[in-house]
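# What the coordinates show
Here's the letter readout for the chains.
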Amino acid sequence: MSRNSPWPDERLVKAAQDGNISSLTAVIVESQPHVRRFALSLCATPQDAEDAAQEALIILYRKIGTLRASGALASWMFRIVRNECLRHLRLLASASASASVAEEAGSDPAPSAETSVLRRLDAERIAVAVSGLPRDQRQVLIMRDVQGYPGRLVAQSLGLSNAAMKSRLHRARAALRQALATDEAAEGEALP
């Protein structure tokens, strides 16, 4: 299927919503390249993108009947893929935060419920900010800072020179700091 292939037409989507299995299969097959392309542009790694695309197609299969307008398939699928990519990012951020908290805590007692909630909210804010980065910056930042891969491995796996990887990482960190500072400033203005 070509890069410019259209999304399934409304009649096909409507037939799929009405329970026609062959139409549903066609909708999934025709949607798949678009869903994968969108996932690759949003998710941090190709593996996360593949997982998000598969999950989105499963949701399409299970819940096509809940789609309100047959012409809204593309935006519905994009929302599902975005949410799946964010979920993967949250899982990475939370696993990373849990590991660092465990290292810091040592034999300290478990954190309070309030502390746990605040950490989850911080992880959520960071995940949203990271997902807003351009794909090339997001990939480098997640591989280096979240997954902890050595710089040379990150550069090699992305086909970059070490200097190019460092430059992207620097830009990603600066953009992330800016996004988080803007978010904090907006929250401060919203408080009474």
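Data block above holds the structure.
Everything in this summary refers to the structure shown in the same document. Please read all numbers here as calculations on a predicted model, not as lab measurements. Residue numbering note: each chain is counted from 1, following its sequence as written. Given that this is a predicted model, residues contribute local features only at a pLDDT of at least 70 and side-chain atom pairs are listed and counted only at 80 or more, while totals for whole chains, interfaces and linings are drawn from all residues. Hydrogen atoms and water are omitted, and side-chain values are computed over all heavy atoms in the structure.

This brings us to the pattern of salt bridges. We define a salt bridge as a side-chain nitrogen of Lys or Arg found within 4 Å of a carboxyl oxygen belonging to Asp or Glu. Across all of its chains, the model carries six salt bridges by this definition. Across the pair Asp145 and Arg173 runs a salt bridge, and its minimum N-O distance is 2.6 Å. Of this pair, Asp145 sits in helix α6 (residues 135-146) while Arg173 sits in helix α8 (residues 162-190), and the two are 28 residues apart along the sequence. In this scheme, a residue with accessible area under 20% of its type's maximum is buried, one over 50% is exposed, and one in between is partly exposed, where area comes from a 1.4 Å probe on protein chains only. By relative accessible area, Arg173 is classed as partly exposed at 33%. Where helices and strands are cited, they refer to DSSP runs of H or I of at least four residues and of E of at least two residues respectively, numbered from the N terminus.

This part takes up the packing of helix α2 (residues 21-42) against helix α3 (residues 46-63). When two helices pack together, their arrangement is given by the angle between the helix axes and by the axis-to-axis distance. Helix axes are fitted only over the stretch in contact, all axes being lines through C-alpha atoms; the angle between N-to-C directions runs from 0 to 180 degrees. Direction vectors running N to C along α2 and α3 enclose 150°, while the axes themselves pass 9 Å from each other. Here α3 runs roughly antiparallel to α2, going by the angle between their axes. When the axes of α2 and α3 are compared, the crossing they make is right-handed. Contact with α2, carried on its side by Leu24, Val27, Ile28, Ser31, Gln32, Val35, Arg36, Ala39 and Leu40, involves Pro46, Ala49, Glu50, Ala52, Ala53, Gln54, Ala56, Leu57, Leu60 and Tyr61 of α3 and no other residues of that element. A per-class count over the contact of α2 with α3 returns 14 nonpolar, three polar and two charged. Our angle categories are set so that under 35 degrees counts as roughly parallel, over 145 as roughly antiparallel, 65 to 115 as roughly perpendicular, and the remainder as oblique. With the far helix as reference, a near helix turned anticlockwise by less than a right angle produces a left-handed crossing, and one turned clockwise produces a right-handed crossing. What makes two residues a contact is simply this: any of their non-hydrogen atoms within 4.5 Å. By the convention adopted, Pro, Cys, Tyr, Trp, Phe, Met, Ile, Leu, Val and Ala count as nonpolar, Lys, Arg, Asp and Glu as charged, and the other residues, Gly among them, as polar.

Val27, Val35, Leu60, Ile64, Leu73, Trp76 and Met77 are the most contacted members of the largest nonpolar core, which has 25 residues in total. Within the residue set of this core, elements represented by two or more residues are α1 (10-17), α2, α3 and α4 (73-105). No other element matches α3, which puts seven residues into this core. Not counting residues within four places of it along the chain, the set of residues in contact with Val35 comprises Trp7, Ala53, Ala56, Leu57, Met77 and Val81. Here, nonpolar core refers to any group of buried Ala, Val, Leu, Ile, Met, Phe, Trp, Tyr and Cys residues whose side-chain atoms link them within 4.5 Å.

The next subject is the packing of aromatic side chains. Working definition: rings of Phe, Tyr and Trp (its six-membered ring) pair if their centres are within 6.5 Å, and the pair is stacked with planes under 30 degrees apart, edge-to-face with planes over 60 apart, and tilted otherwise. Applying the stated criterion across every chain, the model contains two aromatic pairs. Centre to centre, the rings of Trp7 and Phe78 are 5.7 Å apart; their planes meet at 85°, and the pair counts as edge-to-face. Of this pair, Trp7 sits in the segment before α1 while Phe78 sits in helix α4, and the two are 71 residues apart along the sequence. Note on Phe38 and Phe78: the rings are 4.2 Å apart at their centroids and 40° apart in plane angle, and the pair reads as tilted. Linking Phe38 in helix α2 with Phe78 in helix α4, this pair joins segments that are 40 residues apart in sequence. The partly exposed category is assigned to Phe38, whose relative accessible area is 22%. Its relative accessible area of 29% is what places Phe78 among the partly exposed residues. Each residue in the set Trp7, Phe38 and Phe78 is aromatic and connected to the rest through ring pairs, giving one cluster.

Quick look at the side chain of Ser31 now. Here Ser31 lies in helix α2. We define a polar contact as two N or O atoms separated by no more than 3.5 Å, with the added condition that, inside protein, one atom must be a possible hydrogen donor and the other a possible acceptor, whereas residues neighbouring each other in sequence contribute only through side-chain atom pairs. A polar side-chain atom of Ser31 sits 2.7 Å from the main-chain carbonyl oxygen of Val27.

Okay, α3 next. In this analysis, the expected span of each helix is defined as 1.5 Å times one less than the number of residues it contains. When the terminal C-alpha atoms of α3 are compared, their 25 Å separation across 18 residues agrees well with the 26 Å that a helix rising 1.5 Å per residue should span. Those residues of α3 that fall on the buried side of the exposure criterion are Asp48, Ala49, Ala52, Ala53, Ala56, Leu57, Ile59 and Leu60. Projection of α3 onto a plane perpendicular to its axis shows the buried side chains occupying an angular sector of 165°, all on one side. For α3, the exposed residues set more than 90 degrees away from the buried face come down to Gln47, Tyr61 and Arg62. For this quantity, the arc is that covered by the directions from the helix axis to the C-beta atoms.

Another point: the side chain of Ser23. Within the fold, Ser23 resides in helix α2. Beyond its immediate chain neighbours, meaning those up to four positions away, Ser23 contacts Leu12, Ala15 and Ala16.

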